[in-house]
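# Structural description and commentary
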Amino acid sequence: MARGKKIYEGKAKILFEGPEPGTIVQYFKDDATAFNAEKKDVIDGKGALNNRLSEYFMTGLNQIGVPTHFLKRLNMREQLVRSCEIIPLEVIVRNFAAGSISKRMGIEEGTQLPRPIVEYSYKDDSLGDPLVPEEYIAAFGWASQQDMDDVLGLALRVNDFLSGVMYGVGIKLIDFKIEIGRVYDGDFQRLVVADEISPDSCRLWDMETGQKLDKDVFRRDLGNLTDAYAEVARRLGVMPKGTGPKPTLVN
């Protein structure tokens, strides 16, 4: 399928004009970054794994009635998605303490939180994606109160889905972040889950050993990132079991 000119290149993906109006081709890179791109590397196979895993999660959400921008996977590194207007927020859902919340609140990593906590950060790398309260979101016009009610509902439904899927394969969903976009059908607007859902955007720990199966492997130099992502893919049936370190992903 032909793709058009490049629209945008980020840290992990490149966006191209899609073959039809209102579509975008999303290309997954092998680049890995952490600490607002202060740490960088190229991890062979990472892009293909994230493309396939994001397809798996987005398809599952679509099937249970949680709308996403995902249309179909085109090949091992590209997928076709609906064009949408991204709300400039990262929506973070935390089930267990880890990362920044542990540092901010002095909570030991791995501590289960009393209930899922939803936080919002303003998408701006130059500012370090600062956490923002809903008062800021309303004051700066990033989203209406109705939008934020819908965003919260979507985030919690994604959390329920991902938590259940991961629990079924022996993985604890520590936290994750998503982006939300606006899709317009004439004068009608609806919100959809956009960007990607992958081990790049989730913290995933083995339920028995606590082994990290997410980008913290890269952040903290805990081993081979591709191996960690491949283990998630194997457990979910995206990759055949018993294959080598660079197996062919299941179509």
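Just so we're clear, the structure is a prediction, and the values are computed from it rather than from any experiment. In this convention, every chain numbers its residues from 1, walking through the sequence in written order. Only residues with pLDDT of at least 70 get local features here, since the model is predicted, and only at 80 or more are side-chain atom pairs given and counted; chain-wide, interface and lining totals rely on the full set of residues. Just so you know, side-chain values use all the structure's heavy atoms and leave hydrogens and water out.

## Brief notes about the sheet that holds strand β2 (residues 13-17)
Only strands joined by at least two bridges in the DSSP assignment are considered to pair. Runs of H or I in DSSP of at least four residues are treated as helices and runs of E of at least two as strands, each being numbered from the N terminus. Spatial strand order, β1-β2-β3-β7-β6: five strands in an open sheet with antiparallel pairing. In this open sheet, the two edge strands, each paired with only one partner strand, are β1 (6-9) and β6 (70-73). Across this sheet, the average inter-strand angle for adjacent strands is 25°, counted without regard to direction. Where β6 lies against strand β7 (residues 78-82), three bridges are found, and the strand directions are antiparallel. Residue phenylalanine 70 lies in a different strand from β7, and its bridge partner there is valine 81. Working rule for contacts: check all heavy atoms of both residues, and any pair within 4.5 Å makes them a contact. Inter-axis angles, ranging from 0 to 180 degrees, are taken between N-to-C directions of lines fitted to C-alpha atoms, where helices are fitted over the stretch in contact. Strands in contact with helix α1 (residues 46-63) are β3 (23-28), β6 and β7; relative to β6, the strand with the most contacts, it is inclined by about 135°.

## Some words on the state of the cysteines
Cysteine sulfur atoms that come within 2.5 Å of each other are treated as a disulfide pair. By the definition in use, this model includes zero disulfides. Free of any disulfide, cysteine 84 has its nearest neighbouring cysteine sulfur in cysteine 202, separated by 18 Å.

## Here we look at the domain arrangement of the chain
Interface size, as often reported, equals the accessible area lost upon joining of the parts. The start and end points of each domain follow an automatic or database-based domain assignment. Domain assignment breaks the chain into domain 1 (6-82) and domain 2 (85-224). Taken together, the contacts link 29 residues of domain 1 with 28 residues of domain 2. Carbon and sulfur atoms make up 60% of the area that domain 1 and domain 2 hide from each other, which totals about 2400 Å². We count a salt bridge whenever a side-chain nitrogen from Lys or Arg sits within 4 Å of a carboxyl oxygen from Asp or Glu. The interface formed by domain 1 and domain 2 includes six salt bridges. When contributions to the side of domain 1 that touches domain 2 are tallied by element, the ones reaching two or more residues are β3, β4 (31-34), β5 (39-42) and α1. Examining the composition of the side of domain 1 that touches domain 2, we find that nine residues originate from one element, α1, more than from any other. The classification used treats Ala, Val, Leu, Ile, Met, Phe, Trp, Tyr, Cys and Pro as nonpolar, Asp, Glu, Lys and Arg as charged, and all other residues, Gly among them, as polar. Residues that form the side of domain 1 that touches domain 2 fall into these classes: 13 nonpolar, nine polar and seven charged. Using a 1.4 Å probe, buried area is obtained as the accessible area two parts lose upon being combined, added over both of them.

## Quick look at the pattern of salt bridges
This model, assessed by the stated rule, comprises 28 salt bridges. Put simply, glutamate 119 and arginine 104 hold a salt bridge, and the shortest N to O gap is 3.1 Å. With glutamate 119 in strand β10 (residues 112-122) and arginine 104 in helix α2 (residues 100-105), the pair connects residues that are 15 residues apart, well separated along the chain. The class of glutamate 119 is buried, set by a relative accessible area of 12%. The structure contains a network of salt bridges with shared partners spanning Arg94, Arg104, Glu109, Glu119, Asp175, Arg203, Asp216, Arg219 and Arg220. Partly exposed residues are those whose accessible area sits between 20% and 50% of the maximum for their type, while under 20% is buried and over 50% is exposed, using a 1.4 Å probe and protein chains only.

## Things to note about the packing of aromatic side chains
For Phe, Tyr and Trp, where Trp contributes only its six-membered ring, two rings pair if their centres lie within 6.5 Å, and the inter-plane angle classes them as stacked under 30 degrees, edge-to-face over 60, or tilted in between. Considering all chains together, one arrives at four aromatic pairs under this definition. Relative to phenylalanine 140, the ring of tyrosine 136 has its centre 6.2 Å away and its plane inclined at 85°; by these criteria the two rings are edge-to-face. Classification of tyrosine 136 as partly exposed rests on a relative accessible area of 43%. Judged by relative accessible area, which is 55%, phenylalanine 140 ranks as exposed.

## Side note on the environment of phenylalanine 28
Among the structural elements, phenylalanine 28 can be located in strand β3. In sequence terms phenylalanine 28 and alanine 48 are 20 residues apart; their C-alpha atoms lie 6.7 Å from each other. Apart from residues lying up to four places away in sequence, phenylalanine 28 is in contact with Ala12, Lys13, Gly47, Asn50, Asn51, Ser54, Arg77, Gln79 and Glu196.

## Remarks on the packing of α1 against helix α6 (residues 225-236)
In a packed pair of helices, the relevant descriptors are the angle between the two axes and the axis-to-axis distance. For the pair α1 and α6, the least separation of the axes is 10 Å and the interaxial angle reads 30°. The orientation of α1 relative to α6 falls into the category roughly parallel. When the axes of α1 and α6 are compared, the crossing they make is left-handed. On α6, the residues that touch Lys46, Leu49, Asn50, Leu53, Tyr56 and Phe57 of α1 are Leu225, Thr226, Tyr229, Ala230, Val232, Ala233 and Leu236. Working definition: roughly parallel below 35 degrees, roughly antiparallel above 145 degrees, roughly perpendicular at 65 to 115 degrees, and oblique for all remaining angles. The sense of a crossing depends on the near helix, which, turned anticlockwise from the far helix by less than a right angle, makes the crossing left-handed and, turned clockwise, makes it right-handed.

## Some words on the environment of aspartate 44
Relative to the elements of secondary structure, aspartate 44 occurs in the loop between β5 and α1. What makes aspartate 44 partly exposed here is its relative accessible area of 47%. For the pair aspartate 44 and serine 54, spaced 10 residues apart in sequence, the C-alpha separation works out to 17 Å.

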